[in-house]
Amino acid sequence: MASKVNSVFITGANRGIGLRLLKEILLKFRPKVVFATYRNPATSQELTALADANKNVYLIEMDVVDYEKHAEVAKTVESVTGGAGLNLLLNNAGILLSAPLKRVSIQELRSNMEVNLFAPILLTQTLLPQLEKASLNAGSSPCGIGRAAIVNFSSELGSIGGNDTGGIYPYRCSKAALNSATKGMSVDLKRSKILSIALHPGWVQTDMGGPRATLTVDQSVEGIMNVLEHLNESQNGKFIAWDGKELPW
Ligand SMILES: NC(=O)c1ccc[n+]([C@@H]2O[C@H](COP(=O)([O-])OP(=O)(O)OC[C@H]3O[C@@H](n4cnc5c(N)ncnc54)[C@H](OP(=O)(O)O)[C@@H]3O)[C@@H](O)[C@H]2O)c1
């Protein structure tokens with residue numbers, strides 16, 4: 001990582017992978033500011049304590065599907081960063097709804113699409129001027145998270161090529177579509193030197209992954225930090241796993 005990461009925005013930072021990743025980012029990148037979103041103060045006490053202990057953590061209460069709030073959030077980012085822009089956007093918040101073809105409902109499909117696809121696209125759209133600013137301000141720095149990057153938290157369950165068990169319609173389809181959006185971003189933002197990747201964090205022992213998952217949160221986040229630190233132009237528009245391996249779309 002050639003240049004310093006001054007600012008980071010992470011959604012769903014109150015538990016699971018998001019919370020652990022926030023802690024590692026504070027420790028390793030020492031950014032000037034991390035915008036960390038949460039929905040419910042009652043289930044965000046660890047995050048609140050972290051923000052009390054780290055003045056560079058800026059808490060934002062936001063449901064990612066509250067699209068009308070996105071513009072207000074972008075204004076906050078602009079004013080807190082003093083026009084320096086945003087280096088790294090981590091679209092981490094997500095939900096997993098699982099249903100087979102015979103039983104899947106419109107509500108399940110819609111909810112999963114809203115949180116895992118519509119919200120990251122629209123939040124990225126609103127924060128884009130801030131990412132562009134950071135990239136412009138980075139001068140001749142190499143592409144990477146020290147310049148400007150979008151990391152969309154995907155899942156291997158969203159891989160069309162890797163799907164040999166079927167089922168899980170709402171979640172699989174939302175992440176497959178997020179992968180498509182990520183590829184689109186990588187093409188659209190290449191000229192602005194903003195990188196976009198879809199990241200699979202592994203099967204992780206969180207509320208979502210459950211206790212049988214193969215990775216601890218620490219293992220996953222250690223891998224993710226390594227991926228972030230080494231992110232470069234050759235990975236733009238790729239689907240990358242926590243261990244750095246490229247996955248099939
Ligand atoms: N765990 C795995 O095995 C695994 C595997 C592949 C991919 N992933 C992906 O990795 C990301 C993080 O997963 P995780 O395991 O850390 O999940 P998790 O433990 O279930 O945490 C999900 C996070 O997303 C937030 N969130 C959900 N819906 C939201 C909404 N509408 N608005 C704002 N925040 C919302 C939650 O906030 P609340 O506390 O308010 O609900 C929570 O902070 C997700 O995108 C997931 O799909 C996870």
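Residues numbered from 1 in each chain as written. Predicted model: local features only at pLDDT ≥ 70, side-chain atom pairs only at ≥ 80, totals over all residues. Heavy atoms only, no water.

1. A short note on the side chain of Ser 196
Position of Ser 196 among the secondary structure elements: in strand β6 (residues 195-200). Dropping the residues within four chain positions of it, Ser 196 is found in contact with Ile 150, Thr 182, Met 185, Ser 186, Leu 189, Gln 235, Asn 236, Gly 237 and Lys 238. (Helix = DSSP H or I, 4+ residues; strand = E, 2+ residues; numbered from the N terminus. Contact = heavy atoms within 4.5 Å.)

2. Regarding the nonpolar core
A general tendency of soluble globular proteins is for nonpolar side chains to be buried together. Core analysis: the largest hydrophobic core is formed by 37 residues, its most contacted members being Leu 21, Leu 88, Leu 90 and Leu 228. At the level of secondary structure, the elements contributing two or more residues to this core comprise β1 (7-10), α1 (16-28), β2 (33-38), α2 (45-53), β4 (88-91), β5 (149-153), β6 and α6 (217-229). Excluding residues that lie within four positions of it along the chain, Leu 88 makes contacts with Val 5, Ser 7, Val 8, Phe 9, Ile 145, Ala 149, Val 151 and Leu 228. In this structure, Phe 9, Val 64, Leu 89 and Ile 150 belong to the second largest nonpolar core, which totals 22 residues. (Core = buried A, V, L, I, M, F, W, Y, C linked by side-chain atoms within 4.5 Å. Buried < 20%, exposed > 50% of the residue type's maximum accessible area, 1.4 Å probe, protein only.)

3. Here we look at the environment of Pro 120
Positionally, Pro 120 belongs in helix α4 (residues 106-137). Residue Pro 120 is classed as buried on the basis of its relative accessible area of 6%. Setting aside its immediate chain neighbours within four residues, Pro 120 contacts Asn 91, Val 115, Asn 152, Leu 178 and Met 185.

4. What to know about the site of the ligand
Taken together, 28 residues lie around the ligand, and Asn 14, Arg 15, Arg 39, Tyr 171 and Thr 206 are the ones closest in. Side-chain polar atom of Tyr 171 to an oxygen atom of the ligand: 2.7 Å apart, as the coordinates give it. A distance of 2.8 Å separates an oxygen atom of the ligand from a polar atom in the backbone of Val 204. Burial of the ligand by the protein amounts to 95% of the accessible area it has alone, namely 890 Å². For the shell around the ligand, the secondary structure elements donating two or more residues are α1 and α5 (169-188). Counted by class, the shell around the ligand contains 12 nonpolar, 11 polar and five charged residues. (Near = heavy atom within 4 Å. Polar contact = N/O pair within 3.5 Å; in protein donor to acceptor, adjacent residues only side chain to side chain. Areas by Shrake-Rupley, 256 points an atom, 1.4 Å probe, with all protein chains shown as cover. Nonpolar A, V, L, I, M, F, W, Y, C, P; charged D, E, K, R; others polar.)

5. Observations concerning the pairing of β1
Side chains Ser 7 and Phe 9 project from β1 onto one buried face, and the interleaved Val 8 and Ile 10 project onto a second face that is buried too. With four bridges connecting them, β1 and β2 associate as parallel partners. Of the residues in β2, the one forming a bridge with Phe 9 is Phe 35. Viewed along the sheet, the connection from β1 through α1 into β2 turns out right-handed. Bridge count for β1 against β4 is three bridges, and the pairing is parallel. (Pairing = 2+ DSSP bridges. Right-handed = clockwise from strand over helix to strand, strands pointing away.)

6. Some remarks on the sheet that holds strand β3 (residues 57-61)
Reading across from one edge, β3-β2-β1-β4-β5-β6-β7 is the order of the seven strands in this open sheet, with parallel pairing throughout. Both outer strands of the open sheet, β3 and β7 (239-241), are each paired with one neighbouring strand and no more. Taking the axes of each pair of neighbouring strands and ignoring which way they run, one obtains an average angle of 20° across the sheet. With three bridges joining them, β6 and β7 adopt parallel strand pairing. For Ala 198, the partnering residue across the bridge sits in β7 and is Phe 239. Sheet strands in contact with α1 are β1, β2, β3, β4 and β5, and its direction is about 170° off that of β2. Packed onto the sheet, α2 meets β2 and β3 and runs at close to 145° relative to β3. (Axes fitted to C-alpha atoms, helices over the stretch in contact; angles between N-to-C directions.)

7. With respect to the packing of aromatic side chains
Throughout the structure, instances matching the rule amount to three aromatic pairs. Aromatic side chains Phe 239 and Trp 249 sit 5.4 Å apart centroid to centroid with 15° between the ring planes, which places their arrangement in the stacked category. You can see Phe 239 sitting in strand β7 and its partner Trp 249 sitting in the segment after β7, a full 10 residues away along the chain. Judged by relative accessible area, which is 37%, Trp 249 ranks as partly exposed. An aromatic cluster of at least three residues, connected via ring pairs, comprises Phe 9, Phe 35 and Tyr 58. (Phe/Tyr/Trp six-rings, centres within 6.5 Å; stacked < 30°, edge-to-face > 60°.)

8. A word on the pairing of β5
Burial runs high along β5: five of the five residues are buried. Of the two faces of β5, the one lined by Ala 149, Val 151 and Phe 153 and the one lined by Ile 150 and Asn 152 are each fully buried. In this structure, β4 lies alongside β5, joined through four bridges in parallel fashion. Of the residues in β5, the one forming a bridge with Leu 89 is Ile 150. Across five bridges, the pairing between β5 and β6 is parallel. Note on β6: the bridge partner recorded for Asn 152 is Ala 198. For the segment spanning β5, α5 and β6, crossover handedness is right-handed.

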